[in-house]
Amino acid sequence: MTRIDCAIIGAGWAGLSAAALLKACGREALVLDKARGPGGRSSTRRQGGFTLDHGAQYFTARSEAFIQQVQAWRDLGLIQAWDPAIDVVGARPDNAGQTPAERLVGVPGMNAVLSYLAKNQRCQFGWRLESMQFDGHWQLVSSEGERIQARHLLLTAPPPQALALLRADHPLAEQVAGVRMAPCWTLMLGFDRKLDQVPDAAFVNQGPISWLARNGTKPGRNEESWVVQASGAWSREHLEDSADAVTENLLTAFHALVPAAKDRRPSLKSAHRWRYAQAENPLDCQFLGHPEQNLAVAGDWCAGNRIEGAWTSGRAAATWFL
Ligand SMILES: Cc1cc2nc3c(=O)[nH]c(=O)nc-3n(C[C@H](O)[C@H](O)[C@H](O)COP(=O)(O)OP(=O)(O)OC[C@H]3O[C@@H](n4cnc5c(N)ncnc54)[C@H](O)[C@@H]3O)c2cc1C
């Protein structure tokens, strides 16, 4: 049995920003994630010789604290600005956000900062939390039956997964259950040769696709690889379709938007389903805490539905533990 001061479930932006802050304050934390590496919904997929940001595409920095943090990562060469020429297809919706001053990306992949943070923390990957019970300490059991005892627990899984672990009768359950997560089917494409006369990226306001990006136009990449994301509505409608069916459907829609790709056979085509991609109705609370149990639940869905929100939420929860 491993005994630890703070156990953190999730090696995404929320979990790793919390771990970094706790470590900086001399506290002992262990980050546990079911995935093979850090990143969560901001992962980078390496497949068929291509590198693809198949989750978060870029991020922005608005708060003073995050702007300062971003500068430090920039100085380390972990992030750079991406200034794509973005097409807009279809009528811009009324609720479309303002154009950000700067779009930032990890270099060479969106997970660059998270890989850096994970290297400097105690992390265990391939460790799926199966059950958690509080008896004065947190007793955590993995899907493989490994046991960890923790004084403090920070849960950063997306709401439906956090809820399954908390169980419906927990005092925090109602708030967690109230957050709706939109799904997102993502198509990844790789071509052996460059395409001509294509946009760097596009916001699409009609049909199955909502966003497409020529991944290779981001700094530090140079391949002809594309990430195509379906809208929330289309993804929900096709949630249980096979990856093969989704690939063919989205490829047809992609060809309509990028005709130059029509006669080119992609050497990579693969679809990924994000069942819980982004919160439709995020809370406005930074994180949820249960002081009697030294339990915090955090993530982007507590403080906006983006990377900056996840970072803010994780740090706020860690500060509460200090
Ligand atoms: C398709 C898509 C596009 C997006 N585009 C953008 C964008 O352009 N800009 C932007 O700012 N944001 C974007 N986002 C949102 C952004 O990715 C998230 O805000 C951010 O990555 C969330 O970080 P997090 O740490 O809160 O959660 P996550 O990244 O989801 O981390 C949670 C971690 O918990 C782990 N976990 C879950 N359950 C368990 C368990 N039982 N045991 C162990 N580990 C577990 C998961 O493996 C995961 O690594 C996008 C998201 C998606 C999916």
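Analysis parameters
- Residues numbered from 1 in each chain as written.
- Predicted model: local features only at pLDDT ≥ 70, side-chain atom pairs only at ≥ 80, totals over all residues.
- Helix = DSSP H or I, 4+ residues; strand = E, 2+ residues; numbered from the N terminus.
- Buried ≥ 20, exposed ≤ 12 C-beta atoms within 10 Å, placed from the backbone.
- Contact = placed C-beta atoms within 7 Å.
- Near = placed C-beta within 6 Å.
- Domains from an automatic or database assignment.
- Axes fitted to C-alpha atoms, helices over the stretch in contact; angles between N-to-C directions.
- Parallel < 35°, antiparallel > 145°, perpendicular 65-115°, else oblique.
- Left-handed = near helix turned anticlockwise from the far one by under 90°.
- Nonpolar A, V, L, I, M, F, W, Y, C, P; charged D, E, K, R; others polar.
- Expected span 1.5 Å × (residues − 1).
- Core = buried A, V, L, I, M, F, W, Y, C linked by C-beta atoms within 7 Å.
- Pairing = 2+ DSSP bridges.

Help me out: how do you make sense of the environment of Trp274 in this one?
Relative to the helices and strands, Trp274 is located in strand E16 (residues 268-279). We classify Trp274 as partly exposed; it has 19 C-beta atoms within 10 Å. Separated by 90 residues in the primary sequence, Trp274 and Cys184 place their C-alpha atoms 5.0 Å from one another. In this structure Trp274 touches Arg41, Gly55, Pro183, Cys184 and Thr186, once residues within four positions along its chain are discounted.

What exactly am I supposed to notice about the site of the ligand here?
In the vicinity of the ligand lie 37 residues, with Gly10, Gly12, Gly40, Asp300 and Arg306 positioned nearest. Of all elements in the fold, only helix H1 (13-24), strand E2 (29-33), strand E12 (181-191), E16 and helix H8 (307-321) reach the threshold of two or more residues within the shell around the ligand. When we break the shell around the ligand down by domain, the ones giving at least three residues each are domain 1 (1-34 + 126-178 + 282-322) and domain 2 (44-106 + 181-280).

Even after reading the chapter, I still don't get the domain arrangement of the chain, so can you show me in this structure?
Frequently, the measure chosen for interface size is the accessible area removed from exposure when the parts meet. What the domain assignment reports for the chain is domain 1 (1-34 + 126-178 + 282-322) and domain 2 (44-106 + 181-280). Between the C-alpha centres of domain 1 and domain 2 there is a distance of 29 Å. Contacts between the two partners involve 12 residues from domain 1, matched on the other side by 11 residues from domain 2. At the level of elements, helix H4 (159-166) and H8 are the ones that each hand at least two residues to the side of domain 1 that touches domain 2.

What is the right way to read unusual backbone geometry from this model?
Between Val107 and the following residue, Pro108, the backbone shows a cis peptide bond with an omega angle of 10 degrees. Within the secondary structure, Pro108 is located in the loop between strand E7 (103-106) and helix H3 (112-119). The backbone of Gln286 shows a phi angle near 70 degrees, a positive value even though the residue is not glycine. Following the sequence through the fold, Gln286 ends up in the loop between E16 and strand E17 (288-290).

Sorry if this is basic, but what is going on with the environment of Val228 here?
Here Val228 shows up in strand E15 (residues 224-230). The class for Val228 is buried, based on 25 C-beta atoms found within 10 Å. Considered as a pair, Val228 and Ala261 are 33 residues apart in the sequence and their alpha carbons are 13 Å apart. When sequence neighbours within four positions are dropped, the list of residues in contact with Val228 reads Thr186, Leu187, Leu189, Ile209, Leu212, Leu250 and Phe254.

What am I meant to see in the packing of H1 against H3 here?
What describes two packed helices is the angle between their axes and the distance between those same axes. Here H1 crosses H3 at 40 degrees, and the two axes come no closer than 10 Å. Taken together, the axes of H1 and H3 lie oblique to each other. Where H1 crosses over H3, the handedness of that crossing is left-handed. Between H1 and H3, the contacting residues are Trp13, Leu16 and Ala20 on the first element and Leu114, Leu117 and Ala118 on the second. Looking at the contact of H1 with H3 residue by residue, the class counts come to six nonpolar, no polar and no charged.

How should I be thinking about H8 in this particular structure?
Three- or four-residue spacings in an α-helix give side chains the same orientation, since the helix completes a turn every 3.6 residues. Spanning 15 residues, H8 covers 22 Å between terminal C-alpha atoms, matching the ideal 21 Å at 1.5 Å per step. Most of H8 sits out of view: 13 of its 15 residues are buried.

Help me out: how do you make sense of the nonpolar core in this one?
Within soluble globular proteins, side chains that are nonpolar generally end up buried alongside one another. In terms of nonpolar packing, the biggest core is built from 93 residues, with Ala7, Ile8, Leu154 and Leu250 touching the most fellow members. Two domains each put at least three residues into this core: domain 1 (1-34 + 126-178 + 282-322) and domain 2 (44-106 + 181-280). Each residue touching Leu250, except ones within four places of it in the same chain, is listed here: Trp185, Leu187, Pro208, Ile209, Val228, Ala230 and Ala271.

When you look at the sheet that holds E15 in this model, what are you seeing that I'm missing?
Backbone-to-backbone hydrogen bonds join strands into a sheet, with any given pair of strands oriented parallel or antiparallel. With mixed pairing, the six strands of this open sheet are ordered in space as E6-E13-E14-E15-E12-E16. Because the sheet does not close on itself, it has two edges, and the strands there are strand E6 (86-89) and E16. On average, each strand axis in the sheet is inclined to that of its neighbour by 15 degrees, with strand direction left out of account. Along the sheet, helix H7 (residues 243-257) makes contact with E6, E12, strand E13 (201-204), strand E14 (209-214), E15 and E16, crossing E16 at roughly 95 degrees.

When you look at H4 in this model, what are you seeing that I'm missing?
When H4 is considered as a whole, its buried residues turn out to be Pro159, Gln161, Ala162, Leu163 and Leu166. Against the buried residues of H4 lie strand E11 (147-155), helix H5 (173-177), E12 and strand E18 (295-297). Just past H4, the residue Arg167 takes up positive phi, approximately 80 degrees.

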